[in-house]
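If you want the building blocks of each chain, they are given just below.
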Amino acid sequence: MDARLPVFQVLGLRTGDAHVIRNAGGLATDDALRSLATSQNIGTQDVIVVHHTDCGLSKLSDEELRALGATKDVEENVRITLRRIRRALRRTGTLRGFVYEVETGRLREVWAA
């Protein structure tokens, strides 16, 4: 949901190229998964997850993060999100995860185990 992440610019997309679902922490909440499932029902196949550094979610306590199913480690949060999406959706395309470094503008891929 952070406005510092210029999604279309970073991914080289134009208006109409993608459905973009933004939420706090980039977590695969029930609402986000419902939106992804709806997108798939109208033809979307590929899913890209992008979290970012300096996320406001990281300011929460460890206990609050655990309650949300998250950690202070942004790469681990990407992996958690990828696993949730993989379990919840019947994808036919690719599923990839990235971290956007707000400090440098660099996008780096995160591999899920």
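Going along each chain's sequence as written, the residues are numbered from 1 onward. Per-residue local features are limited, in this predicted model, to residues with pLDDT of at least 70; the limit for side-chain atom pairs, both in listing and counting, is 80 or more; totals at the level of whole chains, interfaces and linings are taken over all residues. Only hydrogens and water are set aside when side-chain values are computed; all heavy atoms of the structure are taken into account.

Draft legend 1. Region of the structure containing the overall build of the chain. Each helix and strand in the chain was counted, giving four helices and three strands. Per the convention used, a helix needs a DSSP run of H or I reaching at least four residues, while a strand needs a run of E reaching at least two, with both numbered from the N terminus. Element order for the chain, N to C, with α for helix and β for strand: α-α-β-α-α-β-β. Relative to the 2.2 N^0.38 estimate, which gives 13 Å for 113 residues, the radius of gyration of the chain is 14 Å and therefore close to what a compact globule would have. Considered along the principal axes of its C-alpha atoms, the chain spans approximately 40 × 30 × 25 Å. Across the 113 residues of the chain, 34% fall into the buried class. Counting contacts in the chain only where the partners sit at least 6 residues apart, residues at least 24 apart contribute 58% of the total. Each accessible area is a Shrake-Rupley result for a 1.4 Å probe, and residues are judged covered by the shown protein chains and nothing else. Total accessible area on the chain stands at roughly 7000 Å², and carbon and sulfur atoms take up 50% of it. With C-alpha atoms as the basis for the radius of gyration, the globule rule is written as 2.2 Å multiplied by the number of residues raised to the power 0.38. Summary of the burial criterion: residues with accessible area below 20% of their type's maximum are buried, those above 50% are exposed, and those between are partly exposed, where the area comes from a 1.4 Å probe applied to protein chains only. Residue contacts are defined here by distance: any two heavy atoms, one from each residue, within 4.5 Å place the two residues in contact.

Draft legend 2. Representation of the pattern of salt bridges in the model. Only one rule defines a salt bridge in this text: a Lys or Arg side-chain nitrogen within 4 Å of an Asp or Glu carboxyl oxygen. On inspection of all chains with the given rule, the structure shows 11 salt bridges. Arg83 is the partner of Glu76 in a salt bridge, and the nearest nitrogen-oxygen pair spans 3.1 Å. Taking relative accessible area as the criterion, Glu76 reaches 23% and is therefore assigned partly exposed. Among the ionic contacts, a cluster of salt bridges with common partners joins Asp2, Arg4, Asp54 and Lys59.

Draft legend 3. Just the side chain of Thr81, in detail. Within the fold, Thr81 resides in helix 4 (residues 74-88). Two N or O atoms count as a polar contact when they lie within 3.5 Å, although within protein this holds only if one can serve as hydrogen donor and the other as acceptor, and sequence-adjacent residues are included solely when both atoms are side-chain atoms. Reaching out from Thr81, the side chain makes a polar contact with the side chain of His51 at a distance of 3.3 Å. In contact with Thr81, other than residues within four places in its own chain, are Gly26, Leu27, Ala28, Val49 and His51.

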